[in-house]
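# A closer look at the structure
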Amino acid sequence: MPPSSTFEIPQVENLYTVPGTLKVAADAIPSEIFVTDYTPQNLQQFATADLDKVAELAHSDSVTWIDVQGLGDVPLLKQVAALFEIHPLALADIVNVPQRPKFEIFESHVLLVLKMPHLVNDRFVDEQVSLAIGPRYVLSFQEDPSLDGFSAVGDRIRRRKGTIRQRGADYLAFALIDVAIDSYFPILEHYGDRLEALEIQAAGSPDRDTLTSIYAVKRDLLALRRSLWPLRDALNSLLRDDETVISQPVRAYIRDSYDHAVQAIDLTEIYRELSSGLIDLYLSSVSHRMNEVVQLLTLVSTIFIPLTFVAGIYGMNFNPEASPWNMPELNWPLGYPLVWLVMIAIASTLTYLFWKRGWLTLR
């Protein structure tokens, strides 16, 4: 009987949790609060850990943007959510990373979860960004402060660029959404340049690193696609719902952002098809080079076949003294040089003919 063996079933952690439970990642960055409060005439921008200051702005008539950077401080996040009456399920979607981009409607606000793209060490990474949009406020939650992608919006508010200071919180939300979506285009342009360089490399001198790079680009484009498709659906849900805090004039701007998302998706799909085509190009190039090598080796073998034939004849060792027909040239004074001359002539003639036809050139 074969020796008995034991098989241990791996223990799987119970993934069921009560709805609304906050599960913060172990490497989550501590939370910091940055406040931007403005009217057409006045502006306040400051960082604070004093929630009393935030509470004073929670129900003011000005437009208030609370930018929470880092999701590691659960008590602070709960206090901010309580000040602005953020639903516990919405807070769970904000904190429990990663979430699929989505749009949710709650009693006093709406929640939009999206992905902010970044290039880190020449690779695509996406950061979860959540927007809680109320009548006079916008709460934004970012995973990593070092990747702050909303600084351009704060600069527009500070410098009075455009009409953002004359509009409400829904327009501020649009500005944040627009920045997030437009961030995809420089990254897509980067991958377009990489695909162009890889196409030249795959057609010219492909190696194993070329194939590895193609697969890396294809994997990143798949991640881009996974970020963009649900984001498009979330924006579509936002546009179709008539009971949200987004006013009709601002919906026109969000439709423009929706069109940008569709355009980014189209570019992503085109680049994914190009990456698949590059794999075929790589395999064709490698196969073509292999065929050329085999062709060259075959031609070299063809040149030596008649030489081997001549050498084989004169290696049969028939005794010329036994019969005048047994290799009489073995007794000729110039027999050996003559054989060499014939062999060199055969090899040179074949080499010239192959070169003339272009068969000896590796392309």
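Residues numbered from 1 in each chain as written. Predicted model: local features only at pLDDT ≥ 70, side-chain atom pairs only at ≥ 80, totals over all residues. Heavy atoms only, no water.

Moving on, we come to the pattern of salt bridges. In total, this model carries nine salt bridges according to the counting rule given. For Arg158, the salt bridge goes to Asp155, with nearest N and O atoms at 3.1 Å. Of the two residues, Arg158 and Asp155 both sit in helix 4 (residues 151-159), three residues apart, roughly one turn of that helix. Taking the relative accessible area as the measure of exposure, Asp155 reaches 18% and is therefore buried. With its nearest N and O atoms 2.6 Å apart, the salt bridge here joins Arg225 to Glu269. Of this pair, Arg225 sits in helix 7 (residues 208-240) while Glu269 sits in helix 8 (residues 248-313); the two residues are 44 residues apart in sequence, bridging distant segments of the chain. Since its relative accessible area comes to 29%, Arg225 is described here as partly exposed. It is possible to trace a salt-bridge network through shared partners that takes in Asp155, Arg158, Arg159 and Lys161. (Salt bridge = Lys/Arg side-chain N within 4 Å of Asp/Glu carboxyl O. Helix = DSSP H or I, 4+ residues; strand = E, 2+ residues; numbered from the N terminus. Buried < 20%, exposed > 50% of the residue type's maximum accessible area, 1.4 Å probe, protein only.)

The next thing to look at is unusual backbone geometry. Cis geometry marks the peptide bond from Val97 to Pro98; its omega dihedral reads 0°. Phi angles above zero are rare outside glycine, and Glu85 is one such case at about 55°. Mapped onto the elements of the fold, Glu85 is located in the loop between helix 2 (74-83) and helix 3 (88-95). Among the residues examined, Glu85 registers a relative accessible area of 51% and is labelled exposed.

Turning our attention to the side chain of Ser257. Tracing the chain through its elements places Ser257 in helix 8. Judged by relative accessible area, Ser257 falls into the buried class, the value being 0%. Among residues more than four places away in sequence, those in contact with Ser257 are Phe174, Ile177, Asp178, Ile181 and Leu235. (Contact = heavy atoms within 4.5 Å.)

Their axes nearest at 11 Å, the elements helix 6 (residues 184-204) and helix 7 cross at an angle of 155°. Taken together, the axis directions place helix 6 and helix 7 in an arrangement best described as roughly antiparallel. Seen along the crossing, helix 6 lies across helix 7 with a hand that is left-handed. Facing Tyr184, Ile187, Leu188, Tyr191, Arg194, Leu195, Leu198, Gln201 and Ala202 of helix 6, the residues of helix 7 in contact are Thr210, Ser213, Ile214, Val217, Asp220, Leu221, Leu224, Ser227, Leu228 and Leu231. (Axes fitted to C-alpha atoms, helices over the stretch in contact; angles between N-to-C directions. Parallel < 35°, antiparallel > 145°, perpendicular 65-115°, else oblique. Left-handed = near helix turned anticlockwise from the far one by under 90°.)

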